[in-house]
Amino acid sequence: DVSYLLDQIADCIVARGDLDGGEKLFREALAVRRKLFGKDTRVAYSLVRLANLLIARSSLTEAESMFRESLSIQRKLWGDVPPDLAESLDGLATITWRTLRKPSDPKIQQLMKEGLERVSKIYESAGQSVKAAEWKQRIEEFNNATGKFR
């Protein structure tokens with residue numbers, strides 16, 4: 001399908017260092033998938049790919065929105081353990097980590113804590129112990145930096 005080809009070309013363009021060109025093609029792929037498939041795993045996948053590029057460009061607010069939309073689509077389709085959940089949670093946790101948000105709302109604090117821990121557990125259950133350890137370290141550093149989750 002055309003959206004797959006757009007993704008592949010975008011990857012090549014980004015690899016050459018053209019983030020603007022890659023972003024444009026990732027957005028095109030997302031638009032095609034939205035039109036063809038609606039709220040589908042392929043749309044969730046496109047959202048994650050574009051969000052990861054946006055993190056590289058420091059467009060964290062837009063990237064966060066895309067990760068959240070992807071997560072919402074995945075949860076509606078697959079429940080609490082969709083196959084690609086780790087990638088969306090990883091992206092959200094990365095944004096949280098990079099901005100070191102210190103929300104005052106205890107519910108948001110708890111969600112952030114659960115999200116970070118879930119990423120670590122998902123990597124652990126997938127047999128990716130290095131990634132799991134990396135996220136455990138991030139959680140500890142985040143806890144120390146914010147003093148919120150103790």
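The shown structure was predicted, so the numbers you read here are calculated from the model rather than taken from an experiment. (Residues numbered from 1 in each chain as written. Predicted model: local features only at pLDDT ≥ 70, side-chain atom pairs only at ≥ 80, totals over all residues. Heavy atoms only, no water.)

## A closer look at the pattern of salt bridges
Counting across every chain of the model gives eleven salt bridges. The partner of arginine 27 in a salt bridge is glutamate 23, and the shortest N-O contact between them spans 2.8 Å. Of this pair, arginine 27 and glutamate 23 both sit in helix H2 (residues 19-37), four residues apart, which is roughly one turn of that helix. Notably, a salt bridge pairs aspartate 40 with arginine 42, separated by 2.7 Å at the nearest N-O pair. On the basis of relative accessible area, aspartate 40 is assigned to the buried category, the value being 16%. What you see here is one network of salt bridges that share partners, running through Asp20, Glu23, Arg27, Arg57 and Glu62. (Salt bridge = Lys/Arg side-chain N within 4 Å of Asp/Glu carboxyl O. Helix = DSSP H or I, 4+ residues; strand = E, 2+ residues; numbered from the N terminus. Buried < 20%, exposed > 50% of the residue type's maximum accessible area, 1.4 Å probe, protein only.)

## Looking at the confidence of the model for the protein
With 71% of its residues at a pLDDT of 70 or more, the protein has an overall mean of 79. By mean pLDDT, the top-scoring element of the protein is H2 (95), and the lowest-scoring one is helix H5 (residues 85-99) (64). (pLDDT = per-residue confidence, 0-100.)

## A look at the packing of H2 against helix H3 (residues 41-56)
Packing of H2 against H3 brings their axes to within 9 Å, and their N-to-C directions diverge by 160°. In this view, H2 runs roughly antiparallel relative to H3, as classed from their interaxial angle. Where H2 crosses over H3, the handedness of that crossing is left-handed. Two secondary-structure elements touch here, H2 through Leu19, Gly22, Glu23, Phe26, Arg27, Ala29, Leu30, Arg33, Arg34 and Phe37 and H3 through Arg42, Val43, Tyr45, Ser46, Leu47, Arg49, Leu50, Leu53 and Leu54. Grouping the amino acids of the contact of H2 with H3 by side-chain chemistry returns eleven nonpolar, two polar and six charged. (Axes fitted to C-alpha atoms, helices over the stretch in contact; angles between N-to-C directions. Parallel < 35°, antiparallel > 145°, perpendicular 65-115°, else oblique. Left-handed = near helix turned anticlockwise from the far one by under 90°. Contact = heavy atoms within 4.5 Å. Nonpolar A, V, L, I, M, F, W, Y, C, P; charged D, E, K, R; others polar.)

## Some words on the packing of helix H1 (residues 2-15) against H2
For the pair H1 and H2, the least separation of the axes is 8 Å and the interaxial angle reads 165°. By the criterion of interaxial angle, the relationship of H1 to H2 is roughly antiparallel. Regarding H1 and H2, the two cross each other, and that crossing is left-handed. Residues Val2, Ser3, Tyr4, Leu6, Asp7, Ile9, Ala10, Asp11, Ile13 and Val14 of H1 pack against Leu19, Gly21, Gly22, Leu25, Phe26, Glu28, Ala29, Val32 and Arg33 of H2. In terms of residue class, the contact of H1 with H2 is made up of twelve nonpolar, three polar and four charged.

## Digging into a nonpolar patch on the surface
A contiguous nonpolar surface patch, about 320 Å² in accessible area, is contributed by Tyr4, Leu5 and Ile9. Within the element layout of this structure, leucine 5 appears in helix H1. On the accessibility criterion, leucine 5 (51% relative accessible area) is exposed. (Patch = residues over 30% accessible without salt bridge, like charges linked within 9 Å, V, L, I, M, F, W, Y side chains within 5 Å. Areas by Shrake-Rupley, 256 points an atom, 1.4 Å probe, with all protein chains shown as cover.)

## Focus: the nonpolar core
Ranked by size, the top nonpolar core spans 21 residues in total, and within it Leu47, Leu50, Ala63, Met66 and Phe67 carry the most contacts. Within the residue set of this core, elements represented by two or more residues are H1, H2, H3 and helix H4 (60-78). Per-element accounting of this core gives the leading share, nine residues, to H3. (Core = buried A, V, L, I, M, F, W, Y, C linked by side-chain atoms within 4.5 Å.)

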